[in-house]
Amino acid sequence: MERPLRHPAETSRAHFACFDCRKAFKQRGSSHWDSQVPERTYPCPGCQRPMARLGRHFKVPPQRARRQWLKTELLYRYGERFQSSRSGLGTTCRTLASAVGYLTTPARSTAEVRETLEQIRTSHQQSSDGSRREG
Ligand SMILES: [Zn+2]
C-alpha cells in the first residue's frame, strides 16, 4: 500500500559493508534504477578492501555486535543481498543460530553451513583484537 508509484528517477542507496572492520556506509548514487548502468565497487575507508554491496533493507549492526556481523557475512556468502523487505529476513534470521537454520536446506547440511561459518570466524580472528563477546 505504501509502495511508491513507479518512480525510476531516484537512484536507490545501497549499503556497502566491510566485514573486517564491521562498518557499513551508504553510498549515494551507488546503484541505479537502470540495470544497464554497471554497479560500482567501493573500497573500505578503513582497510581499503572492496566492500560488500548490500541492499537497502540491510540493517547495520553495532560495530561490537560480532555475532550479528558474522550472521550477515554468512548470509552474504550464501547469496543474500538484503534487497527485499518481503523476505522477512530480519525476523527469520534474528540470531546467528537461526540464520544457520535458515540456510540449511535439503541440499545443504547444517554441518556445511557451520563449516562456512567457522571459515568466516577464523578469517577474522587473524585481525582480531582478542576480545570475544558471546551472546
Ligand atoms: Zn574495512
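Description of the structure in this document. Computed from a prediction, not measured in an experiment: that's the story for all the values here.

## Some points on the sheet that holds strand E3 (residues 52–54)
Neighbouring strands of a sheet are bound in pairs by backbone hydrogen bonds; such pairs are parallel or else antiparallel.
Right, on to step 1. The strand order across the open sheet formed by three strands is E2-E1-E3, and the pairing between neighbours is antiparallel. Edge strands, defined here as strands with exactly one partner in the open sheet, are strand E2 (23–27) and E3. Taken pair by pair, the neighbouring strands of this sheet meet at an average axis angle of 30 degrees, ignoring direction.

## Side note on the environment of Val60
Right, on to step 1. Here Val60 shows up in the loop between E3 and helix H1 (66–77).
Right, on to step 2. Residues Val60 and Arg22, spaced 38 residues apart in sequence, show a C-alpha to C-alpha distance of 9.0 Å.

## Observations regarding unusual backbone geometry
Right, on to step 1. A positive phi angle, close to 55 degrees, is found at Arg22, a residue other than glycine.
Right, on to step 2. The class of Arg22 is buried, set by 21 C-beta atoms lying within 10 Å.

## Quick word on the environment of Ala65
Right, on to step 1. Turning to its location among the elements, Ala65 is positioned in the loop between E3 and H1.
Right, on to step 2. With 15 C-beta atoms packed within 10 Å, Ala65 lands in the partly exposed category.
Right, on to step 3. For the pair Ala65 and Arg22, spaced 43 residues apart in sequence, the C-alpha to C-alpha distance is 8.6 Å.

## Considerations on the pairing of strand E1 (residues 14–18)
Right, on to step 1. Counting buried positions along E1 yields five of five residues, so the element is predominantly enclosed.
Right, on to step 2. Judged by which residues are buried, E1 turns out to be covered on both faces: Ala14, Phe16 and Cys18 on one side and His15 and Ala17 on the other are all buried.
Right, on to step 3. Pairing of E1 with E2 involves five bridges; the strand directions are antiparallel. Directly across from Ala14, in E2, lies its bridge partner Gln27.
Right, on to step 4. The antiparallel pairing of E1 with E2 creates a hairpin that spans four residues between the two strands, and Arg22 there sits at a positive phi of about 55 degrees.
Right, on to step 5. Sheet topology note: the E1/E3 ladder contains three bridges and is antiparallel. Bridging across to E3, Phe16 finds its partner in Arg53.

## Concerning the packing of H1 against helix H3 (residues 96–103)
Right, on to step 1. Where H1 contacts H3, the two axes come as close as 9 Å, and the packing angle between them is 15 degrees. As far as their axial angle goes, H3 and H1 are roughly parallel. The chirality of how H1 crosses H3 is left-handed. Residues Arg67, Leu70, Lys71, Leu74 and Leu75 of H1 lie in contact with H3, whose contacting residues are Leu96, Ala99 and Leu103.
Right, on to step 2. Class assignment of the residues belonging to the contact of H1 with H3 gives a composition of six nonpolar, no polar and two charged.

## Points about the environment of Thr72
Right, on to step 1. One can find Thr72 in helix H1.
Right, on to step 2. Spatially, the C-alpha atom of Thr72 lies 8.9 Å from that of Phe58, the residues being 14 residues apart in sequence.
Right, on to step 3. Residues contacting Thr72, with those up to four places away along its chain left out, are Ala17 and Pro61.

The rules behind the values
Residues numbered from 1 in each chain as written. Predicted model: local features only at pLDDT ≥ 70, side-chain atom pairs only at ≥ 80, totals over all residues. Pairing = 2+ DSSP bridges. Helix = DSSP H or I, 4+ residues; strand = E, 2+ residues; numbered from the N terminus. Axes fitted to C-alpha atoms, helices over the stretch in contact; angles between N-to-C directions. Buried ≥ 20, exposed ≤ 12 C-beta atoms within 10 Å, placed from the backbone. Parallel < 35°, antiparallel > 145°, perpendicular 65-115°, else oblique. Left-handed = near helix turned anticlockwise from the far one by under 90°. Contact = placed C-beta atoms within 7 Å. Nonpolar A, V, L, I, M, F, W, Y, C, P; charged D, E, K, R; others polar.

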